[in-house]
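Okay, here's what each chain looks like letter by letter:
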Amino acid sequence: MVAALTQHPLLPWLALQHTQGIGPVRALKLYHTLGKHWYLPENLQRTKVSAEQISQLQTAHLDLLEPILAWQQARSNRHVLSWDSPYYPTQLKATPAAPLILFVEGDLDALTQPQIAVVGSRHPSYVGKENTKNLIPALVAAGAVITSGLALGIDGLSHKAALDAGGISLGVLGSGLDKIYPKQHLGLAFDLIASGGALISECYPWLGPLAHHFPRRNRIISGLSLGVLVVEAAERSGSLITARYALEQGREVFTIPGAWQNPLAKGCNQLIQQGAKLVLEVNDILEELRVFSVAEVKVLNPSAVELLPYPELLDNVGIETTALDEIASRCQQPVQDVLIRLVELELAGWVASVPGGYVRARRG
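What counts and what doesn't
Residues numbered from 1 in each chain as written. Predicted model: local features only at pLDDT ≥ 70, side-chain atom pairs only at ≥ 80, totals over all residues. Heavy atoms only, no water. Buried < 20%, exposed > 50% of the residue type's maximum accessible area, 1.4 Å probe, protein only. Helix = DSSP H or I, 4+ residues; strand = E, 2+ residues; numbered from the N terminus. Pairing = 2+ DSSP bridges. Right-handed = clockwise from strand over helix to strand, strands pointing away. Arc of directions from axis to C-beta. Contact = heavy atoms within 4.5 Å. Disulfide = S-S within 2.5 Å. Salt bridge = Lys/Arg side-chain N within 4 Å of Asp/Glu carboxyl O.

A. The pairing of strand E8 (residues 252–255), seen in detail. Burial of E8 is two-sided: the residues Glu252 and Phe254 facing one way and the residues Val253 and Thr255 facing the other way are all buried. When strand E7 (residues 227–230) meets E8, the two strands line up parallel, connected through 4 bridges. Looking across to E8, one finds that valine 228 is bridged to valine 253. In this fold, the crossover linking E7 to E8 by way of helix H12 (residues 239–248) has right-handed handedness. The pairing of E8 with strand E9 (residues 277–278) spans 2 bridges and is parallel. Looking at E9, one finds that phenylalanine 254 is bridged to lysine 277.

B. A look at helix H3 (residues 24–34). Those residues of H3 that sit buried are Ala27, Leu28, Leu30, Tyr31 and Leu34. Along the axis of H3, the buried residues cluster in a sector spanning 150 degrees; they form a single face. Along H3, exposed side chains directed more than 90 degrees from the buried face belong to Val25, Lys29, His32 and Thr33. The inward-facing, buried residues of H3 abut helix H2 (11–17) and helix H4 (41–44).

C. Here's a closer look at the state of the cysteines. In the structure shown here, the tally under the stated rule is 0 disulfides. Here cysteine 331 stays unpaired: no disulfide links it, and the sulfur of cysteine 268, its closest cysteine neighbor, is 18 Å away. Residue cysteine 331 is classed as buried on the basis of its relative accessible area of 5%.

D. Spotlight on the pattern of salt bridges. For the coordinates displayed, the defined rule picks out 9 salt bridges. For aspartate 178, the salt bridge identified is with arginine 78, shortest N-O distance 3.3 Å. Taken together, the residues aspartate 178 in the loop between strand E5 (169–172) and helix H10 (186–194) and arginine 78 in strand E1 (residues 78–82) connect sequence positions 100 residues apart. Judged by its relative accessible area of 8%, arginine 78 falls in the buried class. Residues arginine 216 and glutamate 202 are paired through a salt bridge, measuring 3.5 Å at the closest nitrogen-oxygen approach. Remark: glutamate 202 occurs in the loop between strand E6 (198–201) and helix H11 (213–224) and arginine 216 occurs in helix H11; sequence separation between them is 14 residues. A residue is classified by how much of its surface remains accessible, and arginine 216, at 36% relative accessible area, is partly exposed. Judged by relative accessible area, which is 17%, glutamate 202 ranks as buried. Through salt bridges that share partners, Arg75, Arg78, Glu105 and Asp178 make up one connected network.

Below you can see the structure in the form of structure tokens.
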């Protein structure tokens, strides 16, 4: 058994991951320069790899391989993909610093379908939540798989909205697949798999969430996707890291604008200033991707989806009664203008007039 493991094709990739001074970019350069058998000593000696690194590259990491294979064999839908695997997602493989090894639980076919990443604040506003719930079904109807990070807030909402619309969703984790994080989304993670999607991570299955895992996780989210939609993001949001990776990888970045007074809109507005595509309706995303990629996505009728009208106003009307003066003060708009817009929103079913002010309405 041990003799057979020493010839396992995953071992060279494990050695690369644990060799000091060799990251994903240099590792793949070795692979491309020397060919499939780059790890043989006679090949490595023809490179600028140091003697110490050659020694590390010849280390057989059986202590890692055995638990990895045990994890994989525990369930039929578990997969370990090295960069040279034919099942490794093509979109991600084409990016710089693609992970050398991916752990996947779920349907591998989902990884090859056209994906749109959706990211945003962990503490979204009411408007952010509503925009996510409104946009995702239209993206699913157009044929997109929704990819996100399984985090609280916009990530979780986008996964759930995709499933509710009968779509497929992929969750990219900043922890191992045996250590689902956050734990509140354990059920959601199982639902993604059961609905034809998958969970993905470059972390070993037994590793818990660590702070440095998440920025690296973001490059996988963007790398798998044709484009990234940022729904809400503060000025220093982790979602902006995903957007930066997307730009570096040649992906399109989309974002929904917001009022300048809203701190959760600052990151989005900055992205628009830097050239991100402003999104007012779902076709703003789909039309761009139709030109941008070879994936065939269906452009929807403009009436297929509706973003929130007057979002800066709606975000200040809650489920509890809010006085007209208070709404105007929060929005920093004249009372008369706010009243006119509230009447429009009431006629459209977004708010309801009650004694003492206005409340949000459950719009069918």
